[in-house]
Amino acid sequence: MSTVKQNPAERQVAVQARIDAACQSANRSASSVRLLAVSKTQPVGKIRELALLGQLAFGESYVDEALEKMPELAGCSPEWHFIGPLQSNKTRAVAAHFDWVQSIDRAKIVHRLAHQRALRQPPLNLLIQVNLDDESQKAGCHPDEIDDLARLIVVQPQLTLRGLMAIPAPREDPKEQRAVFGRLRTLFERLAERYPDVDTLSAGMSDDLEAAVAEGSTMVRVGTALFGPRPRP
């Protein structure tokens, strides 16, 4: 269905209906999957419209852009997730202003966030990003590096390891989509066996959320289907 002529409420209902149907097909409760609205490059007005409809978890990829939006949306009490590649010179701002970081892929970033998260703040929720297809142009650690990063995170009092995130290479075949998400699920289940706070598997976007939910995703990340077409630069 085209999102061009839909209003925000209609888009939200349509996306939630897809999630609900995917959960039903997988014999899962609809409440077991959270929706993260990918709000990067979207104007404050559109984010506020969704917030007023009850969507309060938003994902941003550009630190400076997010910091400009946050004061204008403070009254909505949103939950901010950083979902893009995180540069070392941006960790202080992310540690201070975000609730989650979903793109942890190296030890240096863990150390910086741990020391820059203020003691007065609750621990920062972290997801380790996994590069499932070994794509050189994409962020994320190799699956073999998950354990080392996890051990580093769990000893930091200002950080909480919550799980894994991945952005697999696009696949049109639903069976192939499920196969790659199945690999991610195995990694997630192994991690959850060792660490009791691990409860979040962030996987699935507009084109593959059904396959991700079928393979255990607890959070799907959706942008254009919620907000409509992205603004042109």
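A brief structural summary. Values in this document were obtained by computation on a predicted structure and should not be read as measured data.

**Thoughts on the pattern of salt bridges**
Part 1: Counted according to the given criterion, the structure contains 14 salt bridges.
Part 2: A salt bridge links Arg 34 to Glu 79; the shortest N-O distance between them is 2.7 Å. Residue Arg 34 is found in strand E1 (residues 34-38), and its partner Glu 79 is found in strand E3 (residues 79-82); the two are separated by 45 residues along the sequence.
Part 3: Take Arg 34: its relative accessible area is 34%, and that puts it in the partly exposed class.
Part 4: The salt bridge involving Arg 151 is made with Asp 148; its shortest N-O contact spans 2.4 Å. Here Asp 148 and Arg 151 lie together in helix H6 (residues 146-154), a separation of three residues that amounts to about one turn.
Part 5: With a relative accessible area of 46%, Arg 151 lands in the partly exposed category.

**Some words on unusual backbone geometry**
Part 1: Even without being glycine, Thr 41 reaches a positive phi, approximately 70°.
Part 2: Of note, Ser 77 is a non-glycine position whose phi angle comes to about 50°, a positive value.

**Let's talk about the layout of surface pockets**
Part 1: Considered as a void within the structure, the largest pocket measures approximately 530 Å³ in volume.
Part 2: Looking at the largest pocket, it is lined by 26 residues, and the ones nearest its centre are Lys 40, Lys 138, Ile 167, Met 205 and Arg 221.
Part 3: Tallied by class, residues from the lining of the largest pocket come to 11 nonpolar, eight polar and seven charged.

**Focus: the nonpolar core**
Part 1: Among the nonpolar cores identified, the biggest contains 63 residues, and Val 101, Leu 113, Ile 128, Leu 164 and Leu 184 are the most heavily contacted of them.
Part 2: Setting aside chain neighbours within four positions, we find Leu 113 in contact with Leu 86, Thr 91, Val 94, Ala 95, Val 101, Ile 104, Leu 124, Leu 126 and Leu 159.
Part 3: One finds Leu 36, Val 38, Ile 83 and Met 219 within the second-largest nonpolar core, a separate group that totals five residues.

**Some words on helix H7 (residues 174-194)**
Part 1: Relative to the 30 Å expected for 21 residues at 1.5 Å per residue, H7 spans 31 Å between its end C-alpha atoms, a close match to the ideal helical length.
Part 2: Regarding H7, the residues found buried are Gln 177, Val 180, Phe 181, Gly 182, Leu 184, Leu 187, Phe 188 and Leu 191.
Part 3: Of the surrounding secondary structure, the elements contacted by the buried residues of H7 are strand E5 (124-130), H6, strand E6 (159-166), strand E7 (200-202) and helix H8 (209-214).

**Looking at helix H3 (residues 63-73)**
Part 1: Taken together, the buried positions of H3 are Val 63, Ala 66, Lys 69, Met 70 and Leu 73. The arc enclosing the buried residues of H3, seen along the axis, measures out at 125°, which places them on a common side. Across from the buried face of H3, at angles greater than 90 degrees, the exposed residues are Glu 68 and Pro 71.
Part 2: The elements touched by buried residues of H3 are helix H2 (44-52), strand E2 (57-60), E3 and helix H4 (91-97).

**Some details on the pairing of E5**
For a regular strand, side-chain orientation follows a simple rule: the groups alternate between the two sheet faces.
Part 1: Most of E5 sits inside the fold, with seven of its seven residues counted as buried.
Part 2: Residues Leu 124, Leu 126, Ile 128 and Val 130 point to one face of E5 and Asn 125, Leu 127 and Gln 129 to the other, with burial holding for every one of them.
Part 3: The pairing of strand E4 (residues 100-104) with E5 spans three bridges and is parallel. The residue bridging Val 101 from the neighbouring strand is Leu 126, located in E5.
Part 4: Handedness of the E4-helix H5 (residues 107-116)-E5 crossover: right-handed.
Part 5: As paired elements, E5 and E6 share seven bridges and run parallel to each other. Across the sheet, the residue bridging to Asn 125 is Thr 160, located in E6.
Part 6: For the handedness criterion, the β-α-β arrangement of E5, H6 and E6 is classed as right-handed.

**Quick notes on the packing of H5 against H6**
Part 1: Relative orientation of the contacting elements H5 and H6 amounts to 10°, with a least axis distance of 10 Å. With respect to each other, H5 and H6 are oriented roughly parallel. In this structure, H5 uses Ala 107, Val 110 and His 111 to contact H6, whose residues at the interface are Leu 149, Leu 152 and Ile 153.
Part 2: Taken together, the residues that form the contact of H5 with H6 break down as five nonpolar, one polar and no charged.

**Focus: the side chain of Ser 103**
Part 1: Structurally, the position occupied by Ser 103 is in strand E4.
Part 2: In this structure Ser 103 comes out as buried when scored by relative accessible area, which is 3%.
Part 3: What Ser 103 contacts, discounting residues up to four positions off in sequence, is Phe 82, Ile 83, Gly 84, Leu 86, Leu 127, Gln 129 and Met 165.

Calculation criteria
Residues numbered from 1 in each chain as written. Predicted model: local features only at pLDDT ≥ 70, side-chain atom pairs only at ≥ 80, totals over all residues. Heavy atoms only, no water. Salt bridge = Lys/Arg side-chain N within 4 Å of Asp/Glu carboxyl O. Helix = DSSP H or I, 4+ residues; strand = E, 2+ residues; numbered from the N terminus. Buried < 20%, exposed > 50% of the residue type's maximum accessible area, 1.4 Å probe, protein only. 1 Å grid on protein atoms, 1.4 Å probe; cavity = no way out; pocket = protein on both sides within 12 Å on 5 of 7 lines; lining within 4 Å. Points joined across faces, edges and corners; volume = space filled by probe spheres on them. Nonpolar A, V, L, I, M, F, W, Y, C, P; charged D, E, K, R; others polar. Core = buried A, V, L, I, M, F, W, Y, C linked by side-chain atoms within 4.5 Å. Contact = heavy atoms within 4.5 Å. Expected span 1.5 Å × (residues − 1). Arc of directions from axis to C-beta. Pairing = 2+ DSSP bridges. Right-handed = clockwise from strand over helix to strand, strands pointing away. Axes fitted to C-alpha atoms, helices over the stretch in contact; angles between N-to-C directions. Parallel < 35°, antiparallel > 145°, perpendicular 65-115°, else oblique.

Any link to function would need more than the numbers given here.
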